[in-house]
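# Working through the structure, step by step
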Amino acid sequence: MQRKPLGEILKERGLITDDYIKFALLEQKATGEKLGEVLVRVGMVTDLEIARALSEQAVFPFLDIDILTPEPKALESIPFNFAKNNLVLPFSFENGTLKVAISDPFNQHLMNAIQRVAGRNVSFFVTGAQSLAKAIEKFYYFKEHSIEEDLKNLTERLKTNPTMDFDVEDLLNKLLILGIQRRATDLHLIPTQRSLQIFYRVDGILDPAIVFPHTVFRRLINVIKIRSQLDIAETRRPQDGRMSFTFLESKYDLRIATAPTSFGETVVIRYLPTGAQVQNLEYLGFDPEEIKLIDEIIAQPYGMFLITGPTGSGKSTTLFAALRRINLLEKNVLTAEDPVEYLLPLARQTQVSEEIGYTFARAIRAFLRLDPDVILVGEVRDEETATMAVRAALTGHLFLSTLHTNDAISSIFRLKDMGIKADLLSSALKGVIAQRLIRKICPACKEPYKPPKEVLEYYKLPEDREYYRGKGCFQCGGKGYLGRTVVCEIFFVDEELSKLIGEDPPLSVIYERARQKGFKNLREDAKEKVLAGITTPEEIKRVVG
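Since the model is a prediction, treat every value here as computed from it, not as a measurement.

## A short note on a negative patch on the surface
On the surface, a cluster of negative charge is made up of Glu-454, Glu-457, Glu-463 and Asp-464. In this structure Glu-454 comes out as exposed when scored by relative accessible area, which is 55%.

Shown next, in the form of structure tokens:
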């Protein structure tokens, strides 16, 4: 049977157009790369999307390697040099068969070699080449370097000699690396009367990791402050800073926040990977109907499209995934970010800097002189930015940004609170997404169960359905959840709702009118994720309420 061309599969999935393929072929003639390599390099698709298409071509299962934790015994079955040179990652056993991730499912010579090296039956899974290369470096590093064991040994030595001398820079690096190993988004350092507690936020949940004697506290905080250019002498006021960190060629922009407490300053370090690939809306968890609504909003020639939610709810990730739905070859897209987290080579991306006065508002003002079609700004956080955003939206430009509100319709009140008049807002606002991130049931240990009756009644969920949970395994660290997906509500502002917003009624009136038009709120979307077996009722109660 003839293999379907890669480009055709990507087109069928709605990821690229004929124009994108023609452009990639032009690049290919100049560089000699494979078509898929060009498409990834210029940001038209991600390597994971290429991998999904290849898995469909080869009829091999796809593997999302970004949430994978290989079993140590599986890693031992294939030497590091062979794995690195051939892009091969062994990750688990099942009934004596070794599971292996590869990026090229049509390289039969390589697959035969893997069978010989492993000396057993092998089942193959397809994943992205770039992601696979990073994963191989990372997981074989952790196989040879037990960061957690090193930190435990240091704790034992400090227990007997709290004032002993040790390399504090090395301690900080190991704490940062352990966070990367655990897929953490934040590292928390919490001083108490007698100890320093280390927590990591993983999949939205704080997870206790290590406890040091309190004598470590001041030395570690001082190193963090020096590296992030904060004032060591100032301990009475909160401070904000940043520093960069590189681990195995992956760069991270670290945001540092301190605040005084009863037992000293508490510190939170947020991990922001730089140069990450922009994933698609389906990968993030949006269903086809939601994607269709988003497409309607961003198909507008001008207007304002906002994504709202608390810190850490994936707003920027969704914002760039939505931007990818626009034909970037035909549009002049300008972005102002803090920092530039995602690489989108077909857009003109800039990083704001408060130190030199290059703010979001000033960026918008400058962009309006650069013949833009689409303007993306990291956040609308003050009156000046809101005013410039509305001006851009009303002068023939599509404006995308994020905002901090609890739900989609509350963004109307928030913008009015920033000084935007109702009549201007009614003309400018085209749509708002409010979102949260909920944990997904671990696929490796997923099992049916019966949720508590009171939980089912609370969400009006049927009792005669089968529900699922994770019982806990190696892959999910015993938690029963692995990775996160989005739950959202999408407020699409049509002509009738636009007119209603201009009349400045109470938000409850706008909400009821939106409901009549089919508006689905966060809780309803979360319930659908439960009924689809993606998450549990207990998880949506934790996140959505």
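Structure shown, so let's carry the discussion forward.
## Description of the pattern of salt bridges
Counting across every chain of the model gives 43 salt bridges. Residues Asp-186 and Arg-270 are paired through a salt bridge, measuring 2.9 Å at the closest nitrogen-oxygen approach. Of this pair, Asp-186 sits in strand E4 (residues 186–191) while Arg-270 sits in strand E9 (residues 264–273), placing them 84 residues apart in sequence. Between Glu-447 and Arg-469 there is a salt bridge whose closest N-O contact spans 3.3 Å. Of this pair, Glu-447 sits in strand E18 (residues 446–449) while Arg-469 is found in strand E19 (residues 467–470), placing the two residues 22 residues apart along the sequence. According to the relative accessible area criterion, Glu-447 is partly exposed, its value standing at 22%. Each member of the salt-bridge network shares a partner with another, and the members are Asp-287, Glu-290, Lys-520, Asp-525, Glu-528 and Lys-529.

## Remarks on the sheet that holds strand E14 (residues 348–351)
Taken together, 7 strands build an open sheet; the order of strands is E14-E12-E15-E16-E11-E17-E20 and the sheet is mixed. The sheet is open, and its two borders are formed by E14 and strand E20 (481–492), each paired with just one other strand. Put simply, the sheet's adjacent strands are angled 20° from each other on average, direction ignored. Strand direction decides the pairing type here: strand E12 (residues 333–337) and E14, joined by 4 bridges, are parallel. By the bridge assignment for E14, Ala-336 is matched with Thr-350. Relative to strand E16 (residues 398–403), helix H14 (residues 315–323) is tilted by about 165°, and along the sheet it contacts strand E11 (303–308), E12, E14, strand E15 (374–377), E16 and strand E17 (429–441).

## Re the packing of aromatic side chains
On inspection of all chains with the given rule, the structure shows 11 aromatic pairs. Centroid distance Phe-91 to Phe-125: 5.4 Å. Interplanar angle 75°. Geometry classified as edge-to-face. Taken together, the residues span a long stretch of sequence, with Phe-91 in strand E1 (residues 88–94) and Phe-125 in strand E3 (residues 122–126) at a distance of 34 residues. A single burial state applies to Phe-91 and to Phe-125, both of which are buried. Here the aromatic rings of Tyr-141 and Phe-142 are separated by 5.6 Å at their centres, their planes lie at 80°, and the arrangement is edge-to-face. Taken together through their ring pairs, the aromatic side chains of Tyr-141, Phe-142 and Phe-247 make up a single cluster. Sitting over the ring of Tyr-481, Arg-439 keeps its end group 4.0 Å from the ring centre. Note that Lys-446 overlies the ring of Tyr-468, its terminal NZ or CZ placed 5.0 Å from the centroid.

The rules behind the values
- Positions within a chain are numbered from 1, following the residues in the order the chain's sequence is written.
- Selection of residues for local features in this predicted model requires a pLDDT of at least 70, selection of side-chain atom pairs for listing and counting requires 80 or more, and totals for whole chains, interfaces and linings are taken over all residues.
- To get the side-chain values, all heavy atoms of the structure are used, and hydrogens and water are removed first.
- The patch calculation keeps residues exceeding 30% relative accessible area without a salt bridge and links them within 9 Å when they carry like charges or within 5 Å when they are nonpolar (Val, Leu, Ile, Met, Phe, Trp, Tyr).
- Per-residue accessibility takes into account occlusion by the displayed protein chains alone, with areas from the Shrake-Rupley method and a 1.4 Å probe.
- The term salt bridge refers to a pairing of a side-chain nitrogen on Lys or Arg with a carboxyl oxygen on Asp or Glu at a separation within 4 Å.
- Positive charges are assigned to Lys and Arg, negative charges to Asp and Glu, while His and the chain termini are left out of the count.
- Charge positions are represented by NZ for Lys, CZ for Arg, CG for Asp and CD for Glu.
- A simple rule labels every residue: compare its accessible area, found with a 1.4 Å probe on the protein chains alone, to the largest value its type can have, and call it buried under 20%, exposed over 50%, or partly exposed in between.
- Numbering of helices and strands runs from the N terminus; a helix is a DSSP stretch of H or I covering at least four residues, while a strand is a stretch of E covering at least two.
- Two strands qualify as a pair provided DSSP detects at least 2 bridges between them.
- Here the axes come from fitting lines to C-alpha atoms, over the contacting stretch only for helices, and the angles between their N-to-C directions go from 0 to 180 degrees.
- Residue contacts are counted whenever heavy atoms from the two residues lie within 4.5 Å of one another.
- The aromatic pairing rule takes the rings of Phe, Tyr and Trp, using the six-membered ring of Trp, and pairs them if the centres are within 6.5 Å, calling planes under 30 degrees apart stacked, those over 60 edge-to-face and the rest tilted.
- Placement of a positive charge over a ring is assigned whenever Lys NZ or Arg CZ falls within 6 Å of the ring centre and within 35 degrees of the normal to the ring plane.

None of the figures reported here should be taken as evidence of function without further support.
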